[in-house]
Amino acid sequence: MRERTLGRGGPRISAIGLGCMGMSEFYSPGEMDEAESIRVIHRYLDLGGNFIDTADMYGVGRNEELVGRAIRDRRDRVVLATKFGNVRGPNGEFLGIRGDPEYVRSACDASLKRLGVETIDLYYQHRVDPKTPIEETVGAMAELVAAGKVRHLGLSEAAPRTIRRATQVHPIAALQTEYSLWSRDAEDAILPTVRELGITFVAYSPLGRGFLTGRFKRFDDLPADDSRRNSPRFQGENFAKNLELVAKINDLAASKGCTPSQLALAWVLAQGEDLVPIPGTKRIAYLEENLGAAEIRLTPEELRQIDAILPPGAASGNRYHAQAMQAIDR
């Protein structure tokens, strides 16, 4: 497994991480199998991976508990990342975003307990709280570092100005934002900012929530309980237009002798040594397919071809529905 450095002088992490969200919620929840998910995590570690991503909101805490069980006897092999900030009620209802110091401290303690660990390697603010100055949030996170509960700090979906203000309080090791062939907004200002500041860019949904895998041909291919049915890019004319783009990527992958998923991940990896995609999966076969992308090298000509097919802004539809877009710090 190829490796990259977390932030400036942080630990070495796998060039491809493992996103665990879908193991507990959102993507085809009716197909969840915790025993199989734990086997996926173990297989990832056995293949040389070490960077595992979860959050307290995934499954309303269940995902952290699952990850904790999976790594209990192999904690020393994991760089463990989790997040706080999206508040949910006991029935899964979304209650808003919090970044006030009291909540930061309580959320961390709750995550440590669910994960069954003494220290979180990378602790993200999942969404920026517009009601709390970022200096107060990061100040409370820095106290967690001083207390030995957290090793490194991260932000997720934060705007450049927010990132700069945060780094004045404590070093930020990672910035996690959606980034893929069909979500390239970060290239305008976020990527230049984190590169200037020595912050690792962690790309979530690097396979476009599965669209870039080529496995979805019709809207009805999505299970009835799948949250992607609410995503603008998976609906109506947007779905049809995006399908045309993905078909071209499929053709290019076939000519390259790899799968569309591998091509999409290889493209993210080719954007720089400071980018780490964290594709998620619940199946060992897809995990192994994804990790195979680390061995694929794209030529300058192939990168030009991909850019011609999916330049910035090519995807049809917003990446989230309107309410979720309001939670993005811009």
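Below is a summary of the structure that appears in this document. (Residues numbered from 1 in each chain as written. Predicted model: local features only at pLDDT ≥ 70, side-chain atom pairs only at ≥ 80, totals over all residues. Heavy atoms only, no water.)

1. Section: the overall build of the protein chain
Reasoning step 1: Secondary structure assignment for the protein chain yields 11 helices and 12 strands.
Reasoning step 2: Taking 2.2 N^0.38 as the reference for a compact globule, 330 residues should give roughly 20 Å; the C-alpha atoms of the protein chain span a radius of gyration of 19 Å, in line with that estimate.
Reasoning step 3: Oriented by its inertia axes, the alpha-carbon framework of the protein chain measures out at about 55 × 40 × 35 Å.
Reasoning step 4: The burial tally for the protein chain puts 58% of its 330 residues in the buried class.
Reasoning step 5: Within the protein chain, counting contacts between residues at least 6 apart in sequence, those at least 24 apart form 75% of the total.
Reasoning step 6: Accessible surface for the protein chain amounts to roughly 13500 Å². Of this, 49% is attributable to carbon and sulfur atoms. (Helix = DSSP H or I, 4+ residues; strand = E, 2+ residues; numbered from the N terminus. Rg over C-alpha atoms; globule rule 2.2 N^0.38 Å. Buried < 20%, exposed > 50% of the residue type's maximum accessible area, 1.4 Å probe, protein only. Contact = heavy atoms within 4.5 Å. Areas by Shrake-Rupley, 256 points an atom, 1.4 Å probe, with all protein chains shown as cover.)

2. Some details on the pattern of salt bridges
Reasoning step 1: Scanning the model with the defined rule gives 25 salt bridges in all.
Reasoning step 2: Between Lys 83 and Asp 53 there is a salt bridge, with the nearest N and O atoms lying 2.6 Å from each other. On the criterion of sequence distance, the pair formed by Lys 83 in strand β5 (residues 79–84) and Asp 53 in strand β4 (residues 51–53) is long-range, its members being 30 residues apart.
Reasoning step 3: Look at Asp 53 and you get buried, because its relative accessible area is 2%.
Reasoning step 4: Between Asp 274 and Arg 195 there is a salt bridge, with its nearest N and O atoms 2.8 Å apart. Note that Asp 274 is positioned in the loop between α8 (260–270) and β12 (275–277) and Arg 195 in helix α6 (residues 190–197), a separation of 79 residues in sequence.
Reasoning step 5: Through salt bridges with shared partners, a single ionic network connects Arg 75, Asp 121 and Arg 151. (Salt bridge = Lys/Arg side-chain N within 4 Å of Asp/Glu carboxyl O.)

3. Brief notes about the sheet that holds strand β10 (residues 174–178)
Reasoning step 1: The strand order β3-β4-β5-β8-β9-β10-β11-β12 describes an open sheet built from eight strands, whose pairing is parallel. Pairing within the sheet leaves two strands with one partner each, and these edge strands are β3 (18–19) and β12.
Reasoning step 2: When strand β8 (residues 120–125) meets strand β9 (residues 150–156), the two strands line up parallel, connected through five bridges. Looking across to β9, one finds that Gln 125 is bridged to Leu 155.
Reasoning step 3: In the packing of helix α4 (residues 134–146) onto the sheet, the strands contacted are β5, β8 and β9, and the crossing angle to β9 comes to about 155 degrees. (Pairing = 2+ DSSP bridges. Axes fitted to C-alpha atoms, helices over the stretch in contact; angles between N-to-C directions.)

4. Focus on helix α9 (residues 284–291)
Reasoning step 1: Those residues of α9 not exposed but buried are Leu 287, Glu 289, Asn 290 and Leu 291.
Reasoning step 2: At its buried positions, α9 is contacted by β3, α1 (34–46) and α8.

5. Observations regarding the packing of helix α2 (residues 62–71) against helix α3 (residues 101–115)
Reasoning step 1: Relative orientation of the contacting elements α2 and α3 amounts to 45 degrees, with a least axis distance of 7 Å. Taken together, the axis directions place α2 and α3 in an arrangement best described as oblique. Contacts between α2 and α3 involve Glu 64, Glu 65, Val 67 and Gly 68 from the former and Ser 111, Arg 114 and Leu 115 from the latter.
Reasoning step 2: Tallied by class, residues from the contact of α2 with α3 come to two nonpolar, two polar and three charged. (Parallel < 35°, antiparallel > 145°, perpendicular 65-115°, else oblique. Nonpolar A, V, L, I, M, F, W, Y, C, P; charged D, E, K, R; others polar.)

6. What to know about the layout of surface pockets
Rolled over the atoms, a probe with the dimensions of a water molecule shows which regions are left empty.
Reasoning step 1: In this structure, the second largest pocket occupies an estimated 310 Å³ of space.
Reasoning step 2: Lining the second largest pocket are 20 residues, and of these Asp 185, Ala 186, Ile 190, Arg 319 and Arg 330 lie nearest its centre.
Reasoning step 3: For the lining of the second largest pocket, a count of residues per class yields eight nonpolar, four polar and eight charged. (1 Å grid on protein atoms, 1.4 Å probe; cavity = no way out; pocket = protein on both sides within 12 Å on 5 of 7 lines; lining within 4 Å. Points joined across faces, edges and corners; volume = space filled by probe spheres on them.)

7. Topic: unusual backbone geometry
Reasoning step 1: Here Val 60, not a glycine, exhibits a phi torsion of approximately 50 degrees, which is positive.
Reasoning step 2: Along the chain, Val 60 turns up in the loop between β4 and α2.
Reasoning step 3: Exposure remark for Val 60: the relative accessible area of 32% places this residue in the partly exposed category.

8. Regarding the nonpolar core
Reasoning step 1: Core analysis: the largest hydrophobic core is formed by 100 residues, its most contacted members being Ile 41, Phe 51, Ile 52, Leu 155, Leu 175, Tyr 179 and Phe 201.
Reasoning step 2: For this core, the element with the highest residue contribution is α8, accounting for seven residues.
Reasoning step 3: Non-local contacts of Phe 51, meaning those with residues more than four positions away in its chain, are made with Ile 13, Ser 14, Gly 17, Leu 18, Tyr 44, Val 79, Ala 81, Leu 122, Tyr 124, Val 202, Val 276 and Ile 278. (Core = buried A, V, L, I, M, F, W, Y, C linked by side-chain atoms within 4.5 Å.)

9. Topic: the packing of aromatic side chains
Reasoning step 1: Overall, the coordinates contain eight aromatic pairs when judged by the stated rule.
Reasoning step 2: Put simply, the rings of Trp 182, Phe 211, Phe 234 and Phe 239 touch in pairs and so form one group of aromatic residues.
Reasoning step 3: One Lys or Arg, Arg 88, reaches over the ring of Phe 94 and ends 4.4 Å from the middle of that ring.
Reasoning step 4: The ring of Trp 182 has Arg 233 lying over it, and the distance from NZ or CZ to the ring centre is 5.0 Å. (Phe/Tyr/Trp six-rings, centres within 6.5 Å; stacked < 30°, edge-to-face > 60°. Lys NZ or Arg CZ within 6 Å of the ring centre and 35° of its normal.)

10. Some remarks on the side chain of Glu 157
Reasoning step 1: With respect to the element layout, Glu 157 can be found in the loop between β9 and α5 (160–167).
Reasoning step 2: A polar contact of 2.5 Å, which involves the side chain of Glu 157, links it to the side chain of Tyr 204.
Reasoning step 3: In contact with Glu 157, not counting residues within four places along its chain, are Arg 127, Val 128, Leu 175, Gln 176, Thr 177, Glu 178, Tyr 204, Arg 319, Ile 328 and Asp 329. (Polar contact = N/O pair within 3.5 Å; in protein donor to acceptor, adjacent residues only side chain to side chain.)

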